[in-house]
Structure formats: structure tokens, C-alpha cells
Number of protein chains: 2
Amino acid sequence: MRVRLEDVAREAGVSPKTVSRVLNDEANVKDETRKRVLAAMEAMDYHPHPSARSLAGNRSFLVAMLYDNNDNPTSSYLAEIQDGVLEACDEHHYSMMVRPLRIGGSDFISRVDALISHHHPDGVVLTPPITDYAPLLKRLSEREVPNACVSPMKHRGRIGVFMDEREAARAMVEHLVSLGHTRIAHVLGIASHGASRWRLAGYRDALAAAGLREDPALIVQGAFTFGSGVTAARELLALKKKRPTAVFAANDDMAAGVMWVAGEYGLKVPRDLSVCGFDDTPLASQLWPALSTVRQPSREMGRVAAMQLLDTLRGRGPGKLVQVPYSLELRDSTTTAP
Amino acid sequence: MRVRLEDVAREAGVSPKTVSRVLNDEANVKDETRKRVLAAMEAMDYHPHPSARSLAGNRSFLVAMLYDNNDNPTSSYLAEIQDGVLEACDEHHYSMMVRPLRIGGSDFISRVDALISHHHPDGVVLTPPITDYAPLLKRLSEREVPNACVSPMKHRGRIGVFMDEREAARAMVEHLVSLGHTRIAHVLGIASHGASRWRLAGYRDALAAAGLREDPALIVQGAFTFGSGVTAARELLALKKKRPTAVFAANDDMAAGVMWVAGEYGLKVPRDLSVCGFDDTPLASQLWPALSTVRQPSREMGRVAAMQLLDTLRGRGPGKLVQVPYSLELRDSTTTAP
DNA sequence: TTGAAAGCGCTAACAT
DNA sequence: ATGTTAGCGCTTTCAA
């Protein structure tokens, strides 16, 4: 038979309400009483019934993670964020549900509405690129559902986590500059994603700092996929005289596409062409030569964003927008200019 | 204020219990009454409170998807299965939670226990490679948690979904044979995964059917990753005289690794070397040349597995182990033998 | 610092 | 075919 709160109370010689207090980390419980209750819980292997808690307490202990499965970045990125969010939720005995959405879809908002009406999440975690989707933010605020986000475009009034992607991109390109490269190309991501903008901005920062002139022919469109990296690289490497000696792709998948095409043109990476990416997905270290890239701690970012949300839900203050550090993973795909 | 079942009952002029019957699709409600209740629900925008339902009905309406995030196959595979499971759950107003596990970890079972104790899922969906992990199956049966699985190794007594991977692999290799290849290599997946065994078996079936002798040098170990495909291909293409003219990799990531290495050896795919994979992940169609592969309908498989589970949970019969069809996606990476 | 009573919104069991 | 009653296991008052 299931062990109930009442059973614990009897065992510990206190009232159910006191056990409830201990369970919810409330004040006004003598330390010794608390210990006794905790011991009883432990001894009886007590687990509160989530539904009973939700019903009586009018909160679901549920966090929903919203993501776009339309044109998302690499799926490993979302998978890692998901793991991080889940980890934080587990730690605080919240449960997590995931909810794919299509940012193009006309039923976007109604699907969010349905989620809220059906499951009553106490809060939601937003992932790129839906972190700044205005109609969504508006609806969440109307329905008073707190949210935290990963890498929002606008920082004002948001809680969650971000990385200085612009600075990271700048550092990566600066590294190429320091290797003597002067013709450095950039493969763009999807324009509407903040990531694309920041990485482009960082690229430009580095060129400017080095006194290099920006060449429009060296900035080509991509879409965060391997295939789009292939297409972009063909365009880039077809440039006869003005061919770049280094390519900074806005993510690892596209960088892999660039390395792929290098072979077609008889170019050896990194001897003839340096290539670098962004994200440090598993692919990066599997490629040959291993890809130099910017490590983005996706898993931790999911964790931190969820933590901030949970802090607000649990009345632990308002939650902040936390910055996490990037790091440059300089591997074998970048070297001195030919 | 929240609309409750009682409010709907009043509006429809029936008792709460009748509304409950309608809600749960129970028998013994006059058709006209049912309609009236349904109309009232609609008009009042009524949504049952999941926690109240769980508490009173002693069921959680929760399905947990268990997966291994230790040495999993490509993450897009799991992501697609997840989407499929979620779709089925949504349809039947169940909620879904995900639970990463580490099959190596000593705390595997205790983590599953914690999941069950905390969240009381009505059932779980198992994904490879944990579909046949005996201690898990044992514990689930002890705790009477129904399960459905995706691609289990042993079929007896299981419910869920599977594909005839052996036959699919055979067909893929038969295709290579029909193109005139006689030296066909195979890159193995992780040995403990059923997928690896079936795909190897299919490879052998095809060779045998064609009267080709199996050459141990042409069967090399891989681990389902791009990097492992690279390593395997190096081994394979280093073979001077006996070099294969075609490679069947046990998944797409490894096939991409093989194509990658082909360039290093000055081999053009498919002219000098035909390459094919398995799974039809997004990568397959992004590669250049586009990869010939076996399409495994992962998303639908997740959906079907969840459906079978839900059928049993909802008392719709015992649930079956459903077979889904594969299809050969013959693209540009395979052609006639040189 | 602790406890008693009254629900939270729904369903099970038993009527009718 | 429909209604009545009594909880499910917890938290919220409010009182002591």
C-alpha cells in the first residue's frame, strides 16, 4: 500500500500539517521536529503524490519546454538543452514536459493555449528561435505563465541564460587573423535567428579590429544544415583569385559541409583552407581533421535557464538572466594561412 | 474562475457523474444526453483538471519515454521517436515525460524506481538499446508498469513496433549486388544493439543469395558515429588489391564518415566507391552526393509504439507488436561497380 | 511553533 | 440510463 503523508505524521508523532511544512521547506518548524519528520519520510520511503499536491496546492509542479521543430538548429543542440532542463527540474522535484511548436503555423498560439489549459504548467522554458516571438510572450504574460529563456535576442526584462556569442565569434575570427589569414569567409545561419546575427557581428568586429576590409563576396547565406554548408562552400571556393583561405561557419554542421566541399576542390584542410564552426556539437570532434569551434555549453544553459525559472516559481527571488562563458576549442582544422 | 465539471453538469442539467461518464467515453449515456453535455463543455471551454482526475481515478494519464543517452544512435533518431510518442499521447490526452538513463550506470534501476515512485506513469515506452534490458523489464513487471517498445530484440510477449531490419539490409545490399559489386564491405554498429545484428545478418543474407564469399577483412567495427565511420573506412580503403567497391554502413552517420574518407584516398563517390547507409536521417539527403539509404520511419514508429501502449492502458485490448515497412531510398551515392 | 477542519476537482462504488 | 455518497492525498485557512 502507498505511504501517505498521514502515515509519516503518525510515525513522527506530529500532525499532517507539520509534515506538509517540512515537505515544502516552510519556516516555523523546530529544527528537531524537522529532523524527526525527515527521518520518518526516509524510513518509510515516502514520496508525495504529485497529483494530490497539485490539486490541493493549485500548482502543477510542471515545467514545459517549448521548442521549434520546424527549422531548428542541429537536433543535438535541443537534446542537450532538454537534458539540462530536465536535470534542474528533477533536482527540485518538478516534472518536465516537452512541446514542439511550429513558428510558422497559424495555430501556434492556440496550441500554446491548449497546453496551458490542459496541463497548467507552473512555468515554461523557451528555446531559440521562439524566445522572442512576440505573440507568444504576450499570451504567456496574459495567462500569467512565468517563462525563462535560452539565448533571447532582447535582454531587457528576461530571465534565463545567454552566452556572449558576438564576443565568442569575434575571438574565433581573431584567432584566424592571428594565424595570418586575411581572406576570411563567413557562412551565415538563418537570418531570423539571433545566433546568426551575433555571429556575423562578431565576425565583423574581428575584421574591423584587424583593419581588414569586409568583402561581400565572402559572406554567403546558409541555413544551419550540413547541406547548406555544402552549397555555401561551393560558392565560396569557386572564387578564383579571391578564394578565401579560411572559413568561419555559423555552426558546426555547416563547417562540416565546407570541409566536405574542400575535398572536391582539391583543397586539404587545414593546409589549404582553415575551417571553423560554432557550437561544439558531437560532430565537431568526430570530423577529420577535428573541427576548431566555439564551445557553447548547451546542456548547462538548459540547466541554468530552468534554475532561474524554478527560482521564481519557488519564490526564491525574481530570477536573472545569467551569462555563461564560451570557450574556444582549437583543434586541427585551423592553421596558418597558406 | 476555473470551470469545473460541476459547472458543466449544472449547465447541461445532469449530475456530475454523467459528465464524468461523457468525459471518459463510458457507455450507458443516452446519445442525446451525451450531446448536451458535450455542447455544454464546448460552450464553457471546459478542461478537466488532470491532477483531480489522477487523484480520484488513481491513474496519472502519464506516459514516460525511457531512452539511453549514453551511447545512443544519432540524436535525430531519438528526437523523431519522441515527437511520434508525443503525438500519440496528445491525441489521447495523455501527457508524456522523457527520462534519460545510462545503461552502464549502477543506479539504472533505482532511477527507474524513482521515476515510478515520483510520477506514477501509467506506462512507459522503451527505445533502443534499452528495450531488452532484462533488469529493467523485470522491475517494470514487478511494479506492474505496462510497457511498449521500439525495435525490441526478442519479439515474444512484447508490444510496440518493429521493422524488418534484416530484410531491409538484405534488400539494400542486394541492390549493390545488382549493380555489379562483388567486393562489398560492411561497417558494423555497436555490437550490443539489435540494429547491428540485424543489419549484419541482412548483409550476409544478400551475399549468400548472390553466391558471394564473405571476406572477414571487409567487415569492420564501427560505433554508429561519424568518427567511427571515418576510422572504419580508413581500414577498408587501405586494403590495396582487395579494396571494396561498395560499402554498406550500418547507419547514415557512419556512411557519411566513409564518404569523407573516400576523398582522402582520391576516390570519387559513387564512381569509384558506392556507399550506402541506414536510417535516412536528415544528414542523408544533405550529403553530396545524396546518400542511398534505408528509410526507417522513426517518427511513425514512436507513434505506433505509443498507440499500442495507450490501447492497453485504455482497455482497448492487449496491444500488439506492429510491423512497419521500410523503404529503400536510392539516391546518388550508389552506382554500377567500376 | 503546531494542529484541526475544510476543501481542491474529480471518480469509484453503490444506489436507483 | 442516471444520481448519491464518500473519498483520492494533499494544502489551505484559521485557530491555538
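Keep in mind that what you see is a predicted model, and the values were worked out from it rather than measured.

Rules and cut-offs
- Every chain's residues receive numbers from 1 upward, in the order its sequence appears when written.
- Labels follow written order: the first chain is A, the first ligand is 1, and so on.
- Two thresholds apply to this predicted model, a pLDDT of at least 70 for residue-level local features and 80 or more for giving and counting side-chain atom pairs, whereas whole-chain, interface and lining totals are computed over all residues.
- Remark: hydrogens and water are excluded; side-chain values derive from all non-hydrogen atoms of the structure.
- Helix and strand definitions here come from DSSP, where helices need a minimum of 4 consecutive H or I residues and strands a minimum of 2 consecutive E residues; each element is numbered from the N-terminal end.
- Accessible area is worked out with a 1.4 Å probe on protein chains only. A residue is then buried under 20% of its type maximum, exposed over 50%, and partly exposed in between.
- Throughout, a residue-residue contact means that at least one pair of heavy atoms, one from each residue, lies within 4.5 Å.
- Only four residue types enter the tally: Lys and Arg on the positive side, Asp and Glu on the negative side; His and the chain ends are excluded.
- Working definition for charges: the position is that of NZ of Lys, CZ of Arg, CG of Asp or CD of Glu.
- Proximity criterion: a residue is near a molecule or strand once any of its heavy atoms comes within 4 Å of it.
- Polar contact is defined as a pair of N or O atoms within 3.5 Å, subject to the rule that within protein one atom must be able to donate a hydrogen and the other to accept it, and that residues adjacent in sequence are counted only when both atoms are side-chain atoms.
- When residues are sorted by character, Ala, Val, Leu, Ile, Met, Phe, Trp, Tyr, Cys and Pro go into the nonpolar class, Asp, Glu, Lys and Arg into the charged class, and all the rest, Gly among them, into the polar class.
- One bridge is not enough; two strands pair if DSSP finds at least two bridges between them.
- UniProt positions are given in the numbering used here, feature names are shortened, and annotations may be inferred rather than shown by experiment.
- Only the contacting stretch of a helix is used when fitting its axis, a line to C-alpha atoms as for every element, and angles between N-to-C directions run 0 to 180 degrees.

Trainee: What am I meant to see in the overall build of chain A here?
Mentor: A tally of regular secondary structure across chain A gives 13 helices and twelve strands. Considering only C-alpha atoms, chain A reaches an extent of 85 × 40 × 35 Å along its principal axes. In chain A, which comprises 338 residues, the share counted as buried stands at 55%. Intrachain contacts of chain A at a sequence separation of at least 6 include 72% that bridge at least 24 residues. With 41 positive and 40 negative side-chain charges, chain A shows a spacing of 3 Å between the two charge centroids.

Trainee: Sorry, what's going on with the protein's contact with DNA strand C here?
Mentor: Around DNA strand C sit 24 residues in total, of which T18(A), N28(A), T33(A), L5(B) and Y46(B) are the nearest. For DNA strand C, the fraction of atoms within 4 Å of the protein that belong to sugar or phosphate moieties is 67%. Within the backbone of L5(B), one N or O atom sits 2.4 Å away from a phosphate oxygen of DNA strand C. Measuring from a phosphate oxygen of DNA strand C, one finds a side-chain N or O atom of Y46(B) at 2.4 Å. With four residues, the top contributor of residues to the surface near DNA strand C is helix α4 (residues 50-57) of chain B. Partitioned by chemical class, the residues of the surface near DNA strand C number nine nonpolar, eight polar and seven charged.

Trainee: It is not clear to me how the pairing of strand β1 (residues 62-68) of chain A should be interpreted in this structure. Could you clarify?
Mentor: The side chains of a regular strand alternate between both faces of the sheet. Residue and element names in this part refer to chain A. Along β1, seven of the seven residues are buried, which leaves the element largely enclosed by surrounding structure. Residues of β1 alternate between two faces, with L62, A64, L66 and D68 on one and V63, M65 and Y67 on the opposite face, all of them buried. Taken together, the seven bridges between β1 and strand β2 (residues 95-101) define a ladder with parallel strand orientation. Bridging across to β2, A64 finds its partner in M97. Pairing of β1 with strand β3 (residues 123-126) involves four bridges; the strand directions are parallel. Within β3, the residue paired with V63 across the bridge is G123.

Trainee: Help me understand helix α2 (residues 16-23) of chain B, please; the structure alone is not making it clear to me.
Mentor: One full turn of an α-helix is made of 3.6 residues, so residues set three or four places apart face in the same direction. All names here are of chain B. Those residues of α2 not exposed but buried are T18, V19, S20 and V22. For α2, the elements touching its buried residues are α1 (5-12) and α3 (31-44). Once α2 finishes, D25 follows within two positions and takes phi at roughly 55°, a positive value.

Trainee: What is the right way to read the protein's contact with DNA strand D from this model?
Mentor: Inspection of the region around DNA strand D gives 24 residues, with L5(A), K17(A), Y46(A), N28(B) and K30(B) positioned closest. In the environment of DNA strand D, a phosphate oxygen lies 2.8 Å from a nitrogen or oxygen atom belonging to the side chain of T18(B). Contributing elements (two or more residues each) for the surface near DNA strand D: α2 (16-23) and α4 (50-57) of chain A together with α2 and α4 of chain B. Sorting elements by how many residues they give to the surface near DNA strand D places α4(A) first, with four residues. Taken together, the residues of the surface near DNA strand D break down into nine nonpolar, eight polar and seven charged.

Trainee: How do you make sense of the UniProt feature "domain: HTH lacI-type" (unreviewed entry) in chain A when you look at a structure like this?
Mentor: Mapped onto the present numbering, the UniProt feature "domain: HTH lacI-type" (unreviewed entry) falls at residues 3-57 of chain A. Helix and strand shares over residues 3-57 of chain A are 69% and 0% respectively, and the end C-alpha atoms of the span are 19 Å apart.

Trainee: Would you mind showing me how to read the sheet that holds strand β8 (residues 246-249) of chain B here?
Mentor: In any sheet, the strands associate via hydrogen bonds between backbone groups, in a parallel or an antiparallel arrangement. All names here are of chain B. Ordered by their spatial adjacency, four strands build an open sheet running β7-β6-β8-β9, and the pairing between neighbours is parallel. Every interior strand has two partners, whereas the edge strands, β7 (219-220) and β9 (274-276), have only one. Relative to β8, strand β6 (residues 184-187) runs parallel, the two being bridged by four bridges. Directly across from H186, in β8, lies its bridge partner F248. Taken strand by strand, helix α9 (residues 194-210) contacts β6, β7 and β8, and its axis lies near 170° from that of β6. Together, β6, β8 and β9 form the strand contacts of helix α11 (residues 252-264), whose direction differs from that of β9 by roughly 160°.

Trainee: Would you take a moment to explain the environment of V29(A) for this structure?
Mentor: Residue and element names in this part refer to chain A. Looking at the element boundaries, V29 is found in the loop between α2 and α3 (31-44). The class for V29 is buried, based on a relative accessible area of 14%. It is 7.4 Å that separates the C-alpha atoms of V29 and T18, two residues lying eleven residues apart in sequence. Excluding anything up to four places from it in sequence, V29 contacts T18, R21, V22 and R34.

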